[in-house]
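Observations on chain architecture
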Amino acid sequence: MTLLATTSIAAVSLYAMLSTVYKSAQVFHARRTTIPTTPAKDVETTRLPSVDVIVPCFNEDPIVLSECLASLAEQDYAGKLRFYVVDDGSKNRDAVEAQRAAYADDERFNFTILAKNVGKRKAQIAAITQSSGDLILNVDSDTTIAPDVVSKLSHKMRDPTVGAVMGQMKASNQADTWLTRLIDMEYWLACNEERAAQARFGAVMCCCGPCAMYRRSAMLSLLDQYETQLYRGKPSDFGEDRHLTILMLSAGFRTEYVPSAIAATVVPDTMGVYLRQQLRWARSTFRDTLLALPILPGLDRYLTLDVIGQNGGLLLLALSVLTGIGQFALTATVPWWTILVIGSMTLVRCSVAAYRARELRFLGFALHTLVNIFLLIPLKAYALCTLSNSDWLSRGSVATAPTVGQQGATKMPGRATSEIAYSGE
């Protein structure tokens with residue numbers, strides 16, 4: 001047996017053992033979070049916290065933005081509710097004028113147009129400085145939320161130790177392509193396995209940007225750190241959702257997940273857009289995992305296993321695949337053990353997901369293993385080698401326009417980005 005074959009077998013065997021322990025613990029804890037419960041009845045309206053919903057948008061499709069705003073207007077929340085829509089220097093302002101006009105007479109809506117593109121964080125902060133609600137709900141402009149989302153998330157926030165809470169993400173364009181179907185299943189697993197297990201211990205490591213609620217007092221205390229995040233002396237402008245969540249945990253707050261609060265967001269329908277998104281997310285994950293390491297000793301031991309399982313498992317899988325390919329290329333022998341183990345792990349994971357979701361379509365998630373091995377692992381290796389790069393890797397150009405809005409001129413200096421529409425992790 002060659003050294004490459006031995007290394008591949010050893011790496012994939014260690015990967016199988018680590019993944020078995022990690023995924024078994026993950027599913028066990030996730031089940032306890034996702035068991036349906038009947039929430040207590042709300043107290044009278046006068047005691048409900050006020051909620052400000054912030055929607056930063058940049059070059060959003062008019063139809064998508066219209067659906068987003070309509071879902072906000074239809075919220076059944078009985079407390080005080082206001083919406084702050086911030087146009088971050090979009091070039092298509094004329095195209096979305098009808099969407100703003102549709103809510104001009106609704107006193108709950110406030111529209112602000114920034115003079116130039118300054119990035120999602122500063123656009124959020126522009127709204128936060130105008131708002132005054134007890135709770136802040138961040139919603140992406142390509143996302144629609146179910147009518148009860150504000151009620152369900154704010155109910156979880158009644159615990160004063162909770163600083164942030166997220167809902168369940170789904171793909172609104174799930175049926176468009178094979179890729180959107182795959183991403184929708186990926187979201188289900190990320191929410192109902194990874195986040196659900198973390199929530200068992202009040203430590204969701206990333207409250208997803210399309211729909212995440214924060215306690216205003218906690219967010220204000222962290223705002224300077226959030227706005228001025230640096231990595232190796234350079235501004236770090238993406239991965240805002242994960243970074244803000246880690247800051248909440250570092251400050252001693254719990255972060256939670258509410259599976260019944262459903263938000264549907266537009267996901268990439270082409271591989272190029274998907275890979276650029278994944279590259280941003282990978283850089284953000286690596287950066288903020290380093291930031292999270294000091295807080296792990298204060299959290300449940302499962303969170304340490306979670307970090308090891310995600311990162312150690314990725315490393316072992318990459319090593320087993322790389323050495324397996326090397327074995328085949330140099331000795332013309334097929335790495336059957338490596339193929340068998342990876343195939344078996346994929347089959348078990350997809351079967352468990354299909355059983356838990358009660359949907360046979362999750363058996364098709366096996367395709368994600370091929371995407372992961374041949375595209376995402378090399379991409380994550382590249383992300384690790386280029387952590388200092390903060391480029392959004394997106395199309396378009398920086399827009400500059402006069403500042404107007406219902407609340408008067410708003411000028412926000414900052415780095416320009418060129419994303420067609422915000423889509424954070």
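Keep in mind it's a predicted model, so treat the numbers as computed, not measured.

Further remarks concern helix H6 (residues 178-199). In this model, H6 (22 residues) spans 30 Å end to end at C-alpha, consistent with the 32 Å of a helix rising 1.5 Å per residue. The principal kink in H6, of about 30°, is found at Ala 190.

A few words on unusual backbone geometry. With phi around 55°, Asn 59 is a residue other than glycine that occupies positive phi space. Relative to the assigned elements, Asn 59 resides in the loop between strand E1 (51-57) and helix H2 (62-73). In this structure Asn 59 comes out as buried when scored by relative accessible area, which is 12%. Positive phi outside glycine occurs at Ala 332, with the angle close to 60°. Mapped onto the elements of the fold, Ala 332 is located in the loop between helix H10 (301-331) and helix H11 (336-357).

Moving on, we come to the environment of Ala 101. By the element assignment, Ala 101 lies in helix H3 (residues 97-102). Placed 10 residues apart in sequence, Ala 101 and Phe 111 show a C-alpha to C-alpha distance of 10.0 Å.

Once that is clear, we can look at the layout of surface pockets. Its volume calculated, the largest pocket comes out at about 1,500 Å³. Lining the largest pocket are 50 residues, and of these Lys 23, Glu 194, Arg 349, His 368 and Lys 380 sit closest to its centre. Looking at the lining of the largest pocket, the elements with two or more residues in it are helix H1 (3-34), H6, helix H9 (271-292), H10, H11 and helix H12 (367-385).

This part covers the nonpolar core. Among the nonpolar cores identified, the biggest contains 104 residues, and Val 51, Val 53, Leu 72, Leu 137, Leu 153 and Met 213 are the most heavily contacted of them. It is H6 that provides the largest number of residues to this core, a total of 11 residues. Counting residues in each nonpolar core, the second largest holds 11 residues, with Ala 16, Val 321, Ile 342 and Ile 373 among its members.

Bridge analysis of strand E5 (residues 143-145) against strand E10 (residues 254-265) gives three bridges, and the strand direction is antiparallel. In the strand pairing of E10, Ile 145 is matched with Ala 263. Alignment of strand E6 (residues 162-171) against E10, held across nine bridges, turns out to be parallel. Within E10, the position partnered with Met 169 by the bridge is Ala 263.

The final tally for this structure, using the stated rule, is five cavities of 30 Å³ or more. Within this model, the largest cavity holds a volume of roughly 130 Å³. Within the residue set of the lining of the largest cavity, elements represented by two or more residues are H6, helix H8 (240-250), H9 and H10. Tallied by class, the residues present in the lining of the largest cavity amount to four nonpolar, five polar and four charged.

This chain's UniProt record puts "transmembrane region" (unreviewed entry) on residues 311-330, 336-355 and 362-383. End C-alpha to end C-alpha, residues 336-355 measures 28 Å, and it is 100% helix and 0% strand. Here residues 362-383 runs as 77% helix and 0% strand, with 28 Å between its end C-alpha atoms.

Cut-offs used in this document
- Residues numbered from 1 in each chain as written.
- Predicted model: local features only at pLDDT ≥ 70, side-chain atom pairs only at ≥ 80, totals over all residues.
- Heavy atoms only, no water.
- Helix = DSSP H or I, 4+ residues; strand = E, 2+ residues; numbered from the N terminus.
- Expected span 1.5 Å × (residues − 1).
- Bend = angle between axes of the 7 residues up to and from the residue.
- Buried < 20%, exposed > 50% of the residue type's maximum accessible area, 1.4 Å probe, protein only.
- 1 Å grid on protein atoms, 1.4 Å probe; cavity = no way out; pocket = protein on both sides within 12 Å on 5 of 7 lines; lining within 4 Å.
- Points joined across faces, edges and corners; volume = space filled by probe spheres on them.
- Core = buried A, V, L, I, M, F, W, Y, C linked by side-chain atoms within 4.5 Å.
- Pairing = 2+ DSSP bridges.
- Nonpolar A, V, L, I, M, F, W, Y, C, P; charged D, E, K, R; others polar.
- UniProt positions renumbered as here; feature names shortened; annotations may be inferred.

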